[in-house]
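# Fold and contact review
These are the residues of each chain, in order.
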Amino acid sequence: MRPAPGKPVPVSTYRVQLTPDFGFAAAAAVVPYLARLGITHLYCSPWLRSAPGSQHGYDVIDHGRVDDELGGPDALDGLVAACREHGLGIVLDIVPNHMAISEPESQNAAWWSVLRDGPDSPYAAWFDVDWTAGKVLVPVLGRPLADVVDELVLDGDRIRYYDHEVPIAPGTLVEGDVLKTLVRQHYRLADWHTGTEESTHRRFFDVTTLAGLRVEDPAVFDATHALLLQQVEDGVVDGLRIDHPDGLADPEGYLARLRERTGGSWVVAEKILEPGERLPDHWACAGTTGYDALNRVTGLFVDPAGEQPLTSLWHALTGEPEDYAEVVRAAKRQVLDQVLAAEVDRLVDLAKPACDAAHLDVTRRGLREALVELLVAFDVYRAYLPPDGPADAVARRHVEQAVAVAQATLPRRAREAAVLGRMALAGEPRCPEFVTRFQQTCGPVMAKGVEDTAFYRHLPLTALNEVGGDPSTWGTSVEDWHAACRVQQRDWPLSMTGLSTHDTKRSEDVRARLALLSQHAREWGEAVTQWTAWLPRRVDAPTEQLVWQTLVGAWPISADRAVAYVEKATREAKARTSWLDPDTGYDEAVGAYVRELLADDHLTGQVSTFVDFLAPAWRRTLLAQKLVQLTMPGVADTYQGTELVDLSLVDPDNRRPVDFGRRAELLEHPDGSLDADKLRLVSTALRLRREHPEWFLDGDYTALETPPGSLGFVRADRVAVIVPVRAQAEGTVTLPAGRWSDLLGGGTWDGEVDLQRLWAAFPVSLLVRD
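How each quantity is defined
Residues numbered from 1 in each chain as written. Predicted model: local features only at pLDDT ≥ 70, side-chain atom pairs only at ≥ 80, totals over all residues. Heavy atoms only, no water. Pairing = 2+ DSSP bridges. Helix = DSSP H or I, 4+ residues; strand = E, 2+ residues; numbered from the N terminus. Salt bridge = Lys/Arg side-chain N within 4 Å of Asp/Glu carboxyl O. Buried < 20%, exposed > 50% of the residue type's maximum accessible area, 1.4 Å probe, protein only. 1 Å grid on protein atoms, 1.4 Å probe; cavity = no way out; pocket = protein on both sides within 12 Å on 5 of 7 lines; lining within 4 Å. Points joined across faces, edges and corners; volume = space filled by probe spheres on them. Nonpolar A, V, L, I, M, F, W, Y, C, P; charged D, E, K, R; others polar. Phe/Tyr/Trp six-rings, centres within 6.5 Å; stacked < 30°, edge-to-face > 60°. Lys NZ or Arg CZ within 6 Å of the ring centre and 35° of its normal.

With that settled, consider the sheet that holds strand 12 (residues 203-204). Read from one edge of the open sheet, three strands run 6-13-12, paired in antiparallel fashion. Sheet topology places strand 6 (98-100) and strand 12 at the edges, where each strand pairs with a single neighbour. In this sheet, strand 13 (residues 207-212) lies alongside strand 6 in antiparallel orientation, the contact comprising three bridges. Each bridged residue has a counterpart across the sheet, and for Ala-100 the counterpart in strand 13 is Leu-210.

Here it is in structure tokens:
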């Protein structure tokens, strides 16, 4: 859905991560550089008051204040003034789904009130608390309560436990007896491990300290959005990025209300679309934040011919399954058992009374087993099922397919699966809250089971293991690419596109190098087999193969960065260690192995030689994918720092400080390096977008017929993009009528053009009709 007439529309954005070390003043200082780069809008991470020291802003504690750690209101005014002076607008990331529930009253007065006053709190309606489950669970203790009583301190109107504080309700203090005082409260202090199996409030995925908000309540929406809406009305903010809309009770209703209250501002939703899935046509937003585009772009450079040899290589070296679906099923079951058990219990608590009322004679155990299989089989983040009416055909199909798979997997619970399926479709037995909560659980199962587990276990080609991606889908054909772009230009022309974000598993340039392994499967197999045999095995085989792809993708990389990444990756995999139950001995052994490997001159020399072998193709690929992303249909985003070659891994590695001084200097004085080439490409494309937004936001997308191994398209009959997608791209392309100037490689071209001549000076072409 397009913004309302007269509302500003970004042409290109530049994402910055605001932190206490890079606040409003620091962002204002780089605005002149960003304006020269060619962007139209600065795209900021959340800036409302967050938990102290927050490095991301997604842990909001006060919706009515700008974060003082970023500089506060005055510094924000300075940033806005700098943007206006240089002709930039601002897009802001906002977090409607949840807020941080840090205990001290000074950090989150709303949650403090809920803990103190329980259901009588004026903020009780803010949070998705299940008041029927008893006291609010506060799992912050290092050991069971009985073991830490002596460490709890009564202090006036609160109880202290090291850095944690909880309130004492008026009239409930028993002097000198902390246990008797606790018994009288609306909350229950517990060992932090309890939070993995029990929860009394909806949380963000498995993070107990991030509580779900009920923004479907108009009063809660108004209270949590008042400042943001005022900033939109005042022209401080031109557009909004909505974090995790699938966590909301009613994403469609939320977006409709937001559109109404902003007067129709440009809004994009962080909706993770699985391959083949479409954004709901009726959503009141301009599109997604671009993970769908990211995976299509990466797929252009993945050779499907590499699937069989690389998958077989993975199995031969590790013994792990070749079937990705098998890995996903196992990962989801583990997550439902160990991480999201509380969410499953809550759904059973809702379903059982409804079934009993309908005299269906099903047991809690039967419902739970069937529900687990149903959640394992669900293959999208959400189906958008109305809680009190018929579902559309797409949503119904998702549910029916999941029921069929669950019944085939667990035949003895086929009846229970059918009952749950009917309930999810708002049939009999009816339970509207089950419909909503079921959908709010599907997303966490996908996120934790697939992205945060299976993606770290199944590693034939890690370039495919990206948010919204499918490691069993190898490559995007040129024909499929053109078809998808035509649909996007027709239906969602103002959706965001990007190649790197604060949440991507690997930066765009790491993926570009790893994608080439699919084009050089034989060479990779020979190399990694030799490397594996060089050192005695110190770790399990899957981790060993993860290390090799990580080193090649991010080379050169320091030992500290490599060790930190591999520790995170193995804990996410949850095979030998995990965040909930870390095996420090294993973690230390993996770290020692990585350091030993990087200290071995022979091995590092071999890795460097292989990276050098890929270098010519990598240069073409990283430039080609960036040009394609900046010129395809949509609003083009550039993540901080990636206008130069960026070899970052998953957060926090991809949130390291950016050297903007070097970038500004290189923009003015290019030095012939690959960094300079990428920066010139980015600035050239962004400036062209800014000068002619109508060519990219409203202009037609037309496929250009090109030889095998290459891709070409035309925007608005004025801009032609021609890039290689394979090393063997050769032949000629016939340009549309007219004379075309290449803004990157130089020269003027018309008619039939030989690709090798076209790319002689620069490996990709951005042509403008004279």
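The next subject is the pattern of salt bridges. Any two side chains of opposite charge can pair if their charged atoms end up close together. Within this structure, the stated rule accounts for 62 salt bridges. As a salt-bridge pair, Arg-561 and Asp-653 come within 2.8 Å of each other at their nearest N and O atoms. With Arg-561 in helix 20 (residues 559-573) and Asp-653 in the loop between strand 18 (635-639) and helix 23 (660-668), this pair connects stretches of sequence that are 92 residues apart. Of the residues examined, Asp-653 reaches a relative accessible area of 10% and is grouped as buried. Linked by salt bridges that have partners in common, Asp-128, Asp-130, Arg-202, Arg-214, Glu-216, Asp-217, Arg-346, Glu-433 and Arg-437 make up one network.

With five of five residues buried, strand 26 (residues 765-769) is to be regarded as a mostly interior element. Burial of the side chains of strand 26 extends over both faces: Ser-765, Leu-767 and Arg-769 are buried on one face and Leu-766 and Val-768 on the other. Pairing of strand 21 (residues 719-724) with strand 26, which is carried by four bridges, proceeds in the antiparallel orientation. Along strand 26, the bridge assignment pairs Ala-720 with Leu-767. As paired strands, strand 23 (residues 740-742) and strand 26 are joined by three bridges and run antiparallel to one another. By the bridge assignment, Ser-741 is partnered in strand 26 with Val-768.

Attention now moves to unusual backbone geometry. With an omega of 0°, the peptide bond between Glu-428 and Pro-429 qualifies as cis. Relative to the helices and strands, Pro-429 is located in the loop between helix 14 (414-424) and helix 15 (432-451). We note that His-359 has phi near 55°; this positive angle belongs to a residue other than glycine. By secondary structure assignment, the location of His-359 is in the loop between helix 11 (341-357) and helix 12 (364-377). A positive phi angle, close to 60°, is found at Tyr-384, a residue other than glycine. Structurally, the position occupied by Tyr-384 is in the loop between helix 12 and helix 13 (393-409).

A word on the layout of surface pockets. Empty space within the second largest pocket amounts to approximately 740 Å³. Lining of the second largest pocket is provided by 30 residues; of these, Pro-275, Gly-276, Asp-292, Arg-296 and Ala-484 occupy positions nearest its centre. Of all the elements in the fold, those that place two or more residues in the lining of the second largest pocket are strand 16 (287-288), helix 8 (291-300) and helix 16 (478-491). Partitioned by chemical class, the residues of the lining of the second largest pocket number nine nonpolar, 13 polar and eight charged.

Applying the stated criterion across every chain, the model contains 19 aromatic pairs. Measuring from centroid to centroid gives 5.3 Å for Trp-531 and Trp-548, while their planes differ by 50°, and the two rings are tilted. Of this pair, Trp-531 sits in helix 18 (residues 521-534) while Trp-548 sits in helix 19 (residues 541-554); the two residues are 17 residues apart in sequence, bridging distant segments of the chain. With relative accessibility at 3%, the residue Trp-531 sits in the buried group. Overall, the relative accessible area of 1% leaves Trp-548 in the buried class. Positioned over the ring face of Tyr-43 is Arg-15, at 4.8 Å from the centre of the ring. When the ring centre of Trp-618 is taken as reference, the NZ or CZ atom of Arg-513 above it lies at 3.9 Å.

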